[in-house]
Structure formats: C-alpha cells, structure tokens
Amino acid sequence: AKHAGGGRWTWYDPIMDERADTDARLGADLRRAIARDELFLVYQPIVELPSGRPAGLEALVRWRHPEHGMISPAQFIPLAERDGQIIEVGRWVLATAMRQIADWQREYGADAPRKVSVNVSARQLNEPGFPDEVAELLATIGLDPAKLVIEVTETAVLGTGAALDVVRRLDELGLKIALDDFGTGQSSLSLLVDTPVSWLKVDKSFVDGVTSDSPQAVILDGLIGITRGLRIQAVAEGVETAEQAERLHRAGYRFAQGYHFARPMPASDVALLLDGPRQR
Ligand code: C2E
Ligand code: CA
Ligand code: CA
Ligand code: CA
C-alpha cells in the first residue's frame, strides 16, 4: 500500500497505471489522427413514431486507429476532454457535419435530412469564442442554422455560467439545442426553464425499463407531460425492441432513436436511405 495525502491509504493499482499509460499514448496518437484522416463521422437516424420515418440524424465520431482498429468515442472522447484535444476534435466534427448537411442539401433538396445533431462537450461550451466560430462556419458553408441541432449534457450546461451563456448565444444564431442523456447527470428541471431547449433526449437507462413495471417507466411517462407543457420535443434514446417502441409511442413519445430502427451508418448509406423512396 502507498500512503496518500490526507491520512488515507490507497493501494497501488497496476491496472490504473497501465490505463494512464495507454491514455498518454492514445492522446499522442489522437493529436495526429485528424491530419492523417483517421476520424470519420457516422449518422444515426432519429425516427418518428410509429412510422419509423427518419426525422433527423445524429452525427457520431469514429476513430480508425492504424494499429488498434476502431476505438470507441466512449474511450477517446473522455480522454480528449481531459487533455483538451476535444476543442480541436470538436471543431473537426462540427465543420465536417456542417459540410455534409450542406452537401445533402445541394444534392437532395427537399428530400435532404431535415436536421443533423452534433454532440458538443463541456469544454467547447466553456469557450466564449465558440458561438462566433459556429457563426463563421455557418456563413462560410452557407448553411441554414435551423438544420443544425447542438446536443449538450445537463452536466456541461450546469457546470458554469459561461456555458449557459454560450448556449443562449447559439440559440440566438438560430440553432436548436438538445439536452442529451437527460436524467443521468445533475438533473435539474429548472434547466428546462432557464435554457432555450428544443429537444430532450431521454437516456437509454430509462428506456431499458419501459416495458416493465419499473420506476424508469413511471419517469418516462411523467417526462412526456413535462415536455408537452413546455413545448419541448422528447426523443427516447437506445430503443432496441419493437415492444419498447410500441410502449413509448403509447406513452406519447413522437421521436425515438436506437438499434431497433437503425444503427449509426456512414454518410454514403444515408444517401441510399434518401434515394430509397425514389426508386420505388
Ligand atoms: P451519445 O451522445 O449518448 O450517443 C448515443 C450512443 O448510443 C452512440 O454511441 C450510439 O451509437 C449508441 N446507441 C444508439 N442506439 C443504441 C441502442 O439501441 N443500443 C445501444 N446499446 N446503444 C445505442 P457511440 O457512437 O459509441 O458514442 C458514445 C458517446 O460518445 C456518445 O453518447 C457521446 O457522448 C460521445 N460522442 C460520440 N461522438 C461524439 C462527438 O462527435 N463529439 C462529442 N463531444 N462526443 C461524442
Ligand atoms: Ca448525443
Ligand atoms: Ca445520449
Ligand atoms: Ca450517452
């Protein structure tokens, strides 16, 4: 055992040590990933219930590491958040998604995806220059801001007053704000009042319990009433079965996302989805 400060004893943990090591190495690799074209975006449909028709897409980043293969964002995004690289990764994600929306718009016009959501991290939200960066991208790319949804977590927004300010300025630019992973962070219903939220993404952990007689099911039912009253659109995340989709629809959910409908897919497959109805 090693003696830690404050009179507490902690055990030396070789696994933790290894993790710090792996993190440092991955961090160094990530620094080169953008330049080497190793990052790419996939898009998961957000669908309307009960038809399953796509109402929008969520952009999700992927990293194809030259030696380790695919690395999950659940692994490298928290790492990038810790070492600050998320600013640059986030910039790349946003610019890439915005160019993609504009491309679809040009190619498919009225049939193009109506909205694309992009995840924005706590660090990005705490950059006071972030809204100006977004405004500049919108102007350069020539994109209608109403096409873009920014997904933020409760914890990120509640972190500091600066983040709340940034969210308000994004709203003023004409973008829509989605509150992501709702119910898992430091949830505060006052956030729904204080921030210009258009979408509420109810976390998968609640959806998992929807078909049973569970507290999660009760909360899912209750949230629908709240969002309706506030004119916020609720999206149920992580829907994996037809039974869940059916139960959510009955509870009043109009939008859902999950493997039951579609997995995240490369942009080229989204194009097929858009071409689909025309070929019939
Ligand atoms: P998230 O924003 O909550 O994204 C939803 C995650 O759930 C995605 O995982 C998606 O692939 C997965 N998912 C969708 N439907 C289902 C389902 O039916 N079952 C299950 N088990 N999972 C489902 P992914 O792509 O691995 O991303 C994980 C997290 O990494 C995201 O959670 C988000 O927090 C973060 N992330 C991903 N891309 C970005 C990004 O571009 N920027 C930032 N800041 N964070 C990102
Ligand atoms: Ca998200
Ligand atoms: Ca989520
Ligand atoms: Ca999540």
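Please refer to the structure higher up on the page.
Just so it is clear, the model here is predicted, and its values are computed rather than measured.

Help me understand the site of ligand 1, please; the structure alone is not making it clear to me.
For ligand 1, the set of nearby residues contains 20 residues, the closest of which are Gln44, Arg62, Asp180, Glu240 and Tyr259. Measuring from an oxygen atom of ligand 1, one finds a side-chain N or O atom of Asn119 at 3.1 Å. Contact with the protein chains removes 79% of the 800 Å² of surface that ligand 1 exposes when unbound. Looking at the shell around ligand 1, the elements with two or more residues in it are β4 (54-65), α2 (73-83) and β8 (176-182). Broken down by element, the shell around ligand 1 gets its largest block of residues, four residues, from β4.

Just checking my understanding: could you explain the environment of Gly69 for this structure?
Along the chain, the position of Gly69 falls in strand β5 (residues 69-71). Spatially, the C-alpha atoms of Gly69 and Leu200 are 33 Å apart, while their sequence positions differ by 131 residues. For Gly69, the residues in contact, after removing those within four places along its chain, are Trp63 and Arg64.

Whenever I open this one, the coordination of the calcium ion (ligand 3) confuses me. Can you help?
Around the calcium ion (ligand 3), the protein contributes the donor atoms Asp180 (OD), Asp181 (OD), Glu237 (OE) and Glu237 (OE), at 2.2 to 2.5 Å from the metal centre. Positions of the donor residues of the calcium ion (ligand 3) along the chain correspond to the pattern D-D-x55-E. The distance between the calcium ion (ligand 3) and the calcium ion (ligand 2) comes to 3.9 Å, with Asp180 serving as a donor to both metals. With a relative accessible area of 7%, Asp180 lands in the buried category. The partly exposed category is assigned to Asp181, whose relative accessible area is 26%.

Would you explain the pattern of salt bridges in this entry?
Two side chains with opposite charge may pair up if their charged atoms get near one another. Across all of its chains, the model carries 13 salt bridges by this definition. With a closest N to O distance of 2.7 Å, Arg106 and Asp103 form a salt bridge. With Arg106 and Asp103 both in helix α3 (residues 86-108) and three residues apart, this pair spans about one turn of that helix. Judged by its relative accessible area of 63%, Arg106 is exposed. On the basis of relative accessible area, Asp103 is assigned to the partly exposed category, the value being 36%. A salt bridge links Lys204 to Asp208; the shortest N-O distance between them is 2.8 Å. According to the relative accessible area criterion, Asp208 is partly exposed, its value standing at 40%. Overlapping salt bridges, with partners in common, bring together Glu58, Glu151 and Lys201 in one network.

Conventions used here
- Residues numbered from 1 in each chain as written.
- Chains lettered and ligands numbered in written order.
- Predicted model: local features only at pLDDT ≥ 70, side-chain atom pairs only at ≥ 80, totals over all residues.
- Heavy atoms only, no water.
- Near = heavy atom within 4 Å.
- Polar contact = N/O pair within 3.5 Å; in protein donor to acceptor, adjacent residues only side chain to side chain.
- Areas by Shrake-Rupley, 256 points an atom, 1.4 Å probe, with all protein chains shown as cover.
- Helix = DSSP H or I, 4+ residues; strand = E, 2+ residues; numbered from the N terminus.
- Contact = heavy atoms within 4.5 Å.
- Donors = N, O, S within 2.8 Å, 3.2 Å for Na, K, Ca; no water.
- Buried < 20%, exposed > 50% of the residue type's maximum accessible area, 1.4 Å probe, protein only.
- Salt bridge = Lys/Arg side-chain N within 4 Å of Asp/Glu carboxyl O.

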